[in-house]
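Here are the chains, one letter per residue:
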Amino acid sequence: THLAPLHSPQAGGGQPRLADRVLVWLLSPVAAEVAAYGDVTISRPALAAQFLQAARRREASAGVDVQEGGWGEGEEADEVRLRWAFGEA
């Protein structure tokens, strides 16, 4: 599924959400390394998934709406979101 740049499927063309911006930022070194060398050797792709899990746990106290943009919950939805963020990176 092709997703428009910097917009999740349900974003409606608006400003990217904070959680999505952070995911793209965390996956940028991974994407650059894969583009340059074809593999991941130094960057840490797991950081993005760890961030998403931590943001969900602390959503209320951190004031971050992890679901903003219509993303679903669960491992499958997170995997789609992380793939989207990697593509954006």
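Residues numbered from 1 in each chain as written. Predicted model: local features only at pLDDT ≥ 70, side-chain atom pairs only at ≥ 80, totals over all residues. Heavy atoms only, no water.

A closer look at helix α4 (residues 75-88)
Quick reminder of the rule: Each helix is a run of H or I in the DSSP string that is no shorter than four residues. Each strand is a run of E no shorter than two, and both are numbered from the N terminus. The span you would expect from a helix comes to 1.5 Å times its residue count less one. In this analysis, two residues are considered to be in contact whenever any of their non-hydrogen atoms come within 4.5 Å of each other.
Given a rise of 1.5 Å per residue, 14 residues ought to cover 20 Å, and the 20 Å separating the end C-alpha atoms of α4 matches this to within 8%. On its buried side, α4 packs onto α1 (18-37) and α2 (46-57).

Focus on the side chain of E33
Threshold: Note on classification: 1.4 Å probe, protein chains only; a residue is buried when its accessible area is under 20% of the maximum for its type, exposed when over 50%, partly exposed between these limits. When charges are counted, Lys and Arg contribute as positive and Asp and Glu as negative, whereas His and the chain ends are disregarded. The working definition used for a salt bridge is a side-chain nitrogen of Lys or Arg within 4 Å of a carboxyl oxygen of Asp or Glu. Between N or O atoms, a polar contact is any pair within 3.5 Å; within protein, one atom must be a potential hydrogen donor and the other a potential acceptor, and residues adjacent in sequence are included only when both atoms are from side chains.
For E33, the position within the fold is in helix α1. In this structure E33 is buried but unpaired, with R44 as the nearest side chain of opposite charge at 10 Å. There is a polar contact of 2.6 Å between the side chain of E33 and the side chain of T41. E33 has contacts with G38, D39, V40, T41, I42 and S43, leaving out every residue within four places of it along the chain.

So, the nonpolar core
A general trend in soluble globular proteins is that nonpolar side chains are found buried together. This is how the line gets drawn: Nine residue types can take part in a nonpolar core, namely buried Ala, Val, Leu, Ile, Met, Phe, Trp, Tyr and Cys, and a core is a set of them joined through side-chain atoms within 4.5 Å.
Of all hydrophobic cores here, the largest spans 13 residues; its most connected members are L23, L27, A48, W84 and A85. Considering each element in turn, this core owes the most residues, five residues, to α1. Excluding residues within four positions of it along the chain, A48 makes contact with L23, L26, L27 and L82.

What to know about α2
Operational definition: Directions drawn from the helix axis to the C-beta atoms are what define this arc.
Its twelve residues give α2 an end-to-end C-alpha distance of 17 Å, which sits within 8% of 16 Å, the value for a rise of 1.5 Å per residue. Among all positions in α2, only A48, L52, A54 and A55 are buried. In an axial view of α2, the angular spread of the buried residues amounts to 165°, which keeps them on one side of the axis.

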